[in-house]
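The chain contents come next:
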Amino acid sequence: MLTLGVNIDHVATIRQARKTVEPDPVAAAVLAELGGADGITTHLREDRRHIQDRDVRSLRETVRTHLNLEMAATDEMVAIALEVKPDYVTLVPEKREEVTTEGGLDIAGQRSHLAEVVDRLQGAGIPVSLFIDAEPAQIEASAKTGARFIELHTGRYAEAQTEAQQHKECQVLAQGCAQARDLGLRVNAGHGLTYQNVRPVACLEGMEELNIGHTIVARAVLVGLERAVREMKQAMRGEL
Ligand code: PXP
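Residues numbered from 1 in each chain as written. Predicted model: local features only at pLDDT ≥ 70, side-chain atom pairs only at ≥ 80, totals over all residues. Heavy atoms only, no water.

Asker: If you had to explain the site of the ligand to someone new, which residues and values would you point to?
Answerer: Neighbouring residues of the ligand: 14 residues in total, closest Glu70, Glu151, Gly192, Gly213 and His214. Asn7 has a polar side-chain atom sitting 3.4 Å from an oxygen atom of the ligand. Glu70 places a side-chain nitrogen or oxygen 3.2 Å from an oxygen atom of the ligand. Within the complex, the protein chains bury 94% of what would otherwise be the 390 Å² of accessible surface of the ligand. Considered class by class, the residues forming the shell around the ligand number 3 nonpolar, 9 polar and 2 charged. (Near = heavy atom within 4 Å. Polar contact = N/O pair within 3.5 Å; in protein donor to acceptor, adjacent residues only side chain to side chain. Areas by Shrake-Rupley, 256 points an atom, 1.4 Å probe, with all protein chains shown as cover. Nonpolar A, V, L, I, M, F, W, Y, C, P; charged D, E, K, R; others polar.)

Asker: So what about the packing of helix α6 (residues 136–145) against helix α8 (residues 163–182)? Which residues, and what values?
Answerer: Two elements in contact, α6 and α8, have axes whose closest approach is 10 Å; the angle formed by their N-to-C orientations is 25°. Considering the angle they form, α6 stands roughly parallel to α8. Once α6 is placed against α8, the crossing between them reads as right-handed. Contacts from Pro136, Ile139 and Glu140 of α6 reach α8 at Gly176, Gln179 and Ala180. Taken together, the residues of the contact of α6 with α8 break down into 3 nonpolar, 2 polar and 1 charged. (Axes fitted to C-alpha atoms, helices over the stretch in contact; angles between N-to-C directions. Helix = DSSP H or I, 4+ residues; strand = E, 2+ residues; numbered from the N terminus. Parallel < 35°, antiparallel > 145°, perpendicular 65-115°, else oblique. Left-handed = near helix turned anticlockwise from the far one by under 90°. Contact = heavy atoms within 4.5 Å.)

Asker: Give a detailed account of the packing of aromatic side chains, specifying residues and quantitative values.
Answerer: For any pair of aromatic rings, the description consists of the separation of the ring centres together with the inter-plane angle of the planes. Summed over all chains, the structure comprises 1 aromatic pair. Ring plane angle 15° and centroid distance 5.4 Å describe the contact between Tyr88 and Phe149, whose orientation is recorded as stacked. Here Tyr88 is found in strand β4 (residues 88–91), whereas its partner Phe149 is found in strand β6 (residues 149–153), with 61 residues between them in sequence. This pair shows no difference in class: Tyr88 is buried, exactly as Phe149 is. The lysine or arginine in question, Arg219, covers the ring of Tyr195, its NZ or CZ lying 4.0 Å from the ring centre. (Phe/Tyr/Trp six-rings, centres within 6.5 Å; stacked < 30°, edge-to-face > 60°. Buried < 20%, exposed > 50% of the residue type's maximum accessible area, 1.4 Å probe, protein only. Lys NZ or Arg CZ within 6 Å of the ring centre and 35° of its normal.)

Asker: Explain the pairing of β4 to me, using residue names and the numbers behind them.
Answerer: Residues of β4 alternate between two faces, with Tyr88 and Thr90 on one and Val89 and Leu91 on the opposite face, all of them buried. Strand direction decides the pairing type here: strand β3 (residues 67–71) and β4, joined by 4 bridges, are parallel. Counterpart to Met71 in the pairing with β4 is Leu91. Read from β3 through helix α4 (residues 75–84) to β4, the crossover connection turns out right-handed. Where β4 and strand β5 (residues 128–132) come together, 3 bridges link them in parallel fashion. Across the sheet, the residue bridging to Thr90 is Ser129, located in β5. (Pairing = 2+ DSSP bridges. Right-handed = clockwise from strand over helix to strand, strands pointing away.)

Asker: How would you summarise the nonpolar core if you had to cite specific residues and measurements?
Answerer: In this structure, Ile40, Met71, Leu91, Leu121, Leu130 and Leu152 are the most contacted members of the largest nonpolar core, which totals 57 residues. Considering every element that reaches this core, the biggest residue donor is α4, with 5 residues. Setting aside chain neighbours within four positions, we find Met71 in contact with His43, Leu44, Met77, Val78, Ala81, Val89, Thr90, Leu91, Val92 and Leu121. (Core = buried A, V, L, I, M, F, W, Y, C linked by side-chain atoms within 4.5 Å.)

Asker: Any chance you could break down the packing of helix α2 (residues 25–34) against helix α3 (residues 53–62) for me, citing the residues and the numbers?
Answerer: Axis separation between α2 and α3 bottoms out at 9 Å; the angle between their running directions is 30°. Taken together, the axes of α2 and α3 are roughly parallel relative to one another. Between α2 and α3 lies a crossing of right-handed hand. In this structure, α2 contributes Pro25, Val26, Ala29, Val30 and Glu33 to the contact, and α3 contributes Asp55, Ser58, Leu59 and Thr62. Tallied by class, residues from the contact of α2 with α3 come to 5 nonpolar, 2 polar and 2 charged.

Asker: Could you give an account of the pattern of salt bridges, with specific residues and numbers?
Answerer: Taken as a whole and assessed by the stated rule, the structure comprises 13 salt bridges. Arg48 is paired through a salt bridge with Glu76; the nearest N and O atoms lie 2.7 Å apart. Placement of Arg48 in the loop between β2 (39–43) and α3 and of Glu76 in helix α4 is noted, with a sequence separation of 28 residues between them. In this structure Glu76 comes out as partly exposed when scored by relative accessible area, which is 40%. The shortest N-O distance in the salt bridge between Arg156 and Glu169 comes to 3.7 Å. Of this pair, Arg156 sits in helix α7 (residues 155–159) while Glu169 sits in helix α8, and the two are 13 residues apart along the sequence. By relative accessible area, which is 10% here, Glu169 ends up buried. The network of salt bridges with shared partners includes Arg48, Asp53 and Glu76. (Salt bridge = Lys/Arg side-chain N within 4 Å of Asp/Glu carboxyl O.)

So this is what it looks like as structure tokens:
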């Protein structure tokens, strides 16, 4: 059955804009689970621009589904993962200047380092997923690291400007998914998926989990705004 991992980082982005305590991404995770999320995904970035270390620890104690920790393959992050013990880790490339994760990992170019990180995490009972572009060489190299999962980067699919281009990118994802499954890898996908473009990816044979964040938090802001304003008027009248 296809599952949904809800990425709650953008809730922390709003909090960090004021460096205050609200909105709390841990509360968001609880509500996401109430709404049917099968898992909670969070990215502890090296620059701590949204999620903070204590959020990850609180999420570990609060999340009742599964916790997917996205992180760079650095010693600092591996130490945190070994301490927090998320249900699985997704290794992602990270550049300080990027707005969001821009491309997949170059597995082929750093296979021995990644294999060592995979080994340390999986040796401690934490399955590892590698966030990669759906390219045959990257998928092959991923299998050789021993990682249990890959997450196919859906950014190029999401950015396709025409229906034909989108169809072509969806075929690339389908082929990548099939190749990975043949190599014994389990397959997730994510990045840039929206209410409008999710369905074809959700229909891909063998796909296990979609990790989706921005579009859900964006919609939550809008569908919740009317009630939030009404409640502020109640607070002003002393009715809340
Ligand atoms: N998967 C990975 C590996 C990501 O880095 C991100 C973005 O943090 C997502 C999924 C979710 O992407 P979006 O916020 O565009 O839905």
